[in-house]
Amino acid sequence: MRFLIEVRTPVEVGNAGMRDGTLPTQIRKYLKDVKPEAVYFSAAHGQRTIYLIVDLQRSEQLAEIAEPAWLDWQAEVNFTPVATAEEFEQAGAAIERIVQSRK
């Protein structure tokens, strides 16, 4: 199942990592380990934020993605299931059945 993952790092932790040079190295390793389909860097709620698109095959991958961010950056990590337009279109028949059953 594909997820949009938001990783937000507290400002103090991010600043310390930028000052001592560890943050860029940690981020490169994190992305190499997680292997996202896509990655975007932004700021959300005033914090350094990474958005990842990841297709998870196993539930234990949740921990493999969240634990390094929690341990290294004290990050807030949010997982949101997402679908591509094609996947959403494929769900159309099931959605229609559910809608019809609620009338």
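Enquirer: Would you mind showing me how to read the side chain of glutamate 6 here?
Expert: Among the structural elements, glutamate 6 can be located in strand β1 (residues 2-9). Overall, the relative accessible area of 14% leaves glutamate 6 in the buried class. Among the polar contacts listed, one links the side chain of glutamate 6 to the side chain of tyrosine 51, at a separation of 3.2 Å.

Enquirer: What's the story with unusual backbone geometry in this structure? I'm lost.
Expert: Excluding glycine, a negative phi dihedral is what most residues carry, and trans is how most peptide bonds are arranged. In this structure, histidine 45 takes a positive phi of about 55° despite not being glycine. Among the secondary structure elements, histidine 45 is positioned in the loop between β2 (38-44) and β3 (47-55). With a phi close to 50°, glutamine 74 is a non-glycine residue in the positive phi region. Within the fold, glutamine 74 resides in the loop between α3 (61-73) and β4 (76-81).

Enquirer: Explanation requested: the packing of aromatic side chains in the structure shown.
Expert: Between two aromatic rings, the relevant description is the distance of the centres plus the angle of the planes. Taken as a whole, this structure holds two aromatic pairs when the rule is applied. Considering the side-chain rings of phenylalanine 3 and phenylalanine 79, the 6.1 Å spacing of their centres and the 85° angle between planes classify their relative orientation as edge-to-face. Note that phenylalanine 3 is positioned in strand β1 and phenylalanine 79 in strand β4, a separation of 76 residues in sequence. A residue is classified by how much of its surface remains accessible, and phenylalanine 3, at 13% relative accessible area, is buried. Pairing tyrosine 30 with tryptophan 73 gives two aromatic rings, centres 5.2 Å apart and planes at 70°, and the pair type is edge-to-face. Of this pair, tyrosine 30 sits in helix α2 (residues 22-34) while tryptophan 73 sits in helix α3, and the two are 43 residues apart along the sequence. Note on tryptophan 73: relative accessible area 2%, which makes it buried.

The rules behind these values
- Residues numbered from 1 in each chain as written.
- Predicted model: local features only at pLDDT ≥ 70, side-chain atom pairs only at ≥ 80, totals over all residues.
- Heavy atoms only, no water.
- Helix = DSSP H or I, 4+ residues; strand = E, 2+ residues; numbered from the N terminus.
- Buried < 20%, exposed > 50% of the residue type's maximum accessible area, 1.4 Å probe, protein only.
- Polar contact = N/O pair within 3.5 Å; in protein donor to acceptor, adjacent residues only side chain to side chain.
- Phe/Tyr/Trp six-rings, centres within 6.5 Å; stacked < 30°, edge-to-face > 60°.

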